[in-house]
Amino acid sequence: MIQSTWKCPSNIALIKYWGKQGKQLPANPSLSFTLSNCFTKTQIGLLPKKSNDLYEFSFFFEGNRKKEFEPKLSSFFEKINYLFPFINEYSLEIKSENSFPHSSGIASSASAFGALALCLCSIEKQLDNTINDNEFFIKTSTAARLGSGSACRSVYAPMAIWGKTKIIENSSDEYAVKFENIHPIFQNYCDTILIADDNAKEVSSSVGHSLLNSNPFSKIRFNEANKNLKFLIQALKKGDLELFNNITESEALMLHALMMTSNPYFILMKPNTLNIINEVWNFRKLSKLNLTITLDAGANVHLLFPDFEKTKVREFINNELSKYCIKNYFINDFVGNGPEKLNNFI
Ligand code: PMV
């Protein structure tokens with residue numbers, strides 16, 4: 001049977017993608033760290049088609065058939081069929097699992113669509129071996145983007161930039177590009193994800209993105225994102241931790257300020273999100289350590305810090321921050337090596 005299995009990590013944006021246009025194209029460039037321990041493993045196998053349905057497939061998540069996910073997959077296949085014409089010629093058996101608990105409040109769409117796109121592109125390569133490595137990742141990133149915008153960045157490590165910008169040659173709105181010209185301090189940067197809330201989000205990312213169209217601050221935001229990208233790239237190249245911390249936190253808070261200034265307005269942070277931020281800022285002042293926070297579209301806090309400070313920061317997490325986490329739960333992650341092709345689904 002023709003099949004492919006990939007492990008794809010999640011990513012955390014430092015310059016945020018918030019607001020889109022056209023076919024899931026970003027309103028501003030974004031930049032992210034690709035993680036390591038938070039990943040999705042997916043296997044796709046091709047079987048002979050039995051029905052006249054346009055897309056025939058079955059989806060299994062952590063061993064169980066999950067019919068409720070299938071409409072989302074159908075609409076994904078509809079969007080990417082032009083890239084992979086074989087998907088309506090076979091019956092697809094899709095098996096998937098996450099390294100993190102399903103109800104942890106961690107967004108899994110980036111790793112999930114990244115892994116799906118990698119498997120599909122690998123299968124295409126088996127059917128028609130004409131694509132080179134560079135084209136493979138461009139196509140994978142394009143397909144992942146059509147599933148979930150931020151997913152297009154997960155296929156590259158240690159960092160990725162998505163969105164056309166004059167600062168980065170070859171950058172594109174259609175797919176992400178690898179960003180690797182960074183100071184060694186950032187190569188294995190730590191990210192501890194503090195689970196401040198494990199409920200489903202009250203407002204989905206797609207609704208949040210669309211509300212930016214009528215947000216009175218959107219133009220200012222897109223300018224700020226471009227400016228912040230320039231400064232952050234400077235910090236990443238030089239290893240300037242003060243500038244890195246400043247831009248990263250400003251981006252996270254601006255993202256949530258945009259939510260609060262949308263119409264209708266909404267807040268995704270929870271009391272424990274703010275408790276954690278305040279504790280981190282107090283501890284940073286006292287300890288002079290380089291820990292900084294970022295947030296995605298949710299209540300959980302990503303605590304970023306250099307590897308050489310990890311012993312002291314982890315002590316602080318265990319002693320002071322874990323009490324603000326649901327069931328004291330947090331995940332120690334770090335900037336990793338990107339997706340991995342596997343021989344078997346384990
Ligand atoms: O990919 P989406 O549509 O789930 O949007 C992700 C948006 C943020 O996580 C808030 C920012 C980002 O760039 O990842």
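Residues numbered from 1 in each chain as written. Predicted model: local features only at pLDDT ≥ 70, side-chain atom pairs only at ≥ 80, totals over all residues. Heavy atoms only, no water.

Thoughts on the nonpolar core
In terms of nonpolar packing, the biggest core is built from 41 residues, with Phe77, Ile80, Phe84, Ile87, Leu92, Ile94 and Leu120 touching the most fellow members. Ranked by residue count, the leading element in this core is helix H2 (residues 109–127), at ten residues. Aside from chain neighbours lying at most four places away, what touches Phe77 is Tyr55, Phe57, Ile87, Leu92, Ile94 and Leu120. Counting residues in hydrophobic clusters, the runner-up holds 33 residues, among them Leu31, Ile168, Ile185 and Ile233. (Core = buried A, V, L, I, M, F, W, Y, C linked by side-chain atoms within 4.5 Å. Buried < 20%, exposed > 50% of the residue type's maximum accessible area, 1.4 Å probe, protein only. Helix = DSSP H or I, 4+ residues; strand = E, 2+ residues; numbered from the N terminus. Contact = heavy atoms within 4.5 Å.)

Examining the pattern of salt bridges
On inspection of all chains with the given rule, the structure shows twelve salt bridges. Lys7 is the partner of Glu340 in a salt bridge, and the nearest nitrogen-oxygen pair spans 3.8 Å. In this pair, Glu340 sits in strand E14 (residues 340–342) while Lys7 sits in strand E1 (residues 3–15), placing the two residues 333 residues apart along the sequence. Taking relative accessible area as the criterion, Lys7 reaches 22% and is therefore assigned partly exposed. (Salt bridge = Lys/Arg side-chain N within 4 Å of Asp/Glu carboxyl O.)

Things to note about the pairing of strand E12 (residues 301–305)
Counting buried residues along E12, five of its five residues qualify, which places the element largely inside the surrounding structure. Neither face of E12 is open: one carries Val301, Leu303 and Phe305, the other His302 and Leu304, and all of them are buried. Sheet topology note: the strand E11 (residues 292–295)/E12 ladder contains four bridges and is antiparallel. Each residue of the ladder has a partner; that of Leu295, found in E12, is Val301. Connecting the antiparallel pair E11 and E12 is a turn made up of five residues. (Pairing = 2+ DSSP bridges.)

Some remarks on the site of the ligand
Taken together, 13 residues form the shell around the ligand, and within it Tyr17, Ser148, Ser150, Arg153 and His209 come nearest. Ser148 is positioned with one of its side-chain polar atoms (N or O) 3.0 Å from an oxygen atom of the ligand. At a separation of 3.0 Å, an oxygen atom of the ligand approaches a polar side-chain atom of His209. Burial of the ligand by the protein amounts to 89% of the accessible area it has alone, namely 380 Å². Considering only residue class, the shell around the ligand consists of five nonpolar, five polar and three charged. The residues that make up the shell around the ligand include at least three from each of domain 1 (3–183) and domain 2 (188–334). (Near = heavy atom within 4 Å. Polar contact = N/O pair within 3.5 Å; in protein donor to acceptor, adjacent residues only side chain to side chain. Areas by Shrake-Rupley, 256 points an atom, 1.4 Å probe, with all protein chains shown as cover. Nonpolar A, V, L, I, M, F, W, Y, C, P; charged D, E, K, R; others polar. Domains from an automatic or database assignment.)

Brief notes about the state of the cysteines
Per the stated rule, a full pass over the model turns up zero disulfides. There is no disulfide at Cys38, and the cysteine sulfur nearest it, in Cys8, is 12 Å away. Assessed through its relative accessible area of 1%, Cys38 is described here as buried. With no disulfide of its own, Cys190 lies 13 Å from the sulfur of Cys38, the closest cysteine sulfur. (Disulfide = S-S within 2.5 Å.)

Quick word on the domain arrangement of the protein chain
Split into domains, the protein chain comes out as domain 1 (3–183) and domain 2 (188–334). Here domain 1 and domain 2 have C-alpha centroids that lie 24 Å from each other. The partner domain 2 presents 46 residues to the 35 residues of domain 1 that form the contact. Between domain 1 and domain 2, a total of about 3200 Å² is buried, with carbon and sulfur atoms accounting for 71% of that surface. Looking only at domain 1, the three residues that lose the most surface to domain 2 are Ile15, Lys16 and Trp18, adding up to 25% of its buried area. Run the count over domain 1 and domain 2 and you get zero salt bridges. Linking domain 1 to domain 2 there are eleven residue pairs in polar contact (both at pLDDT 80 or more). Secondary-structure elements contributing two or more residues to the side of domain 1 that touches domain 2 are E1, strand E4 (30–48) and strand E8 (159–162). Of the residues forming the side of domain 1 that touches domain 2, the biggest block, seven residues, is contributed by E4. Taken together, the residues of the side of domain 1 that touches domain 2 sort by class into 22 nonpolar, eleven polar and two charged. (Buried area = accessible area lost by both parts, 1.4 Å probe.)

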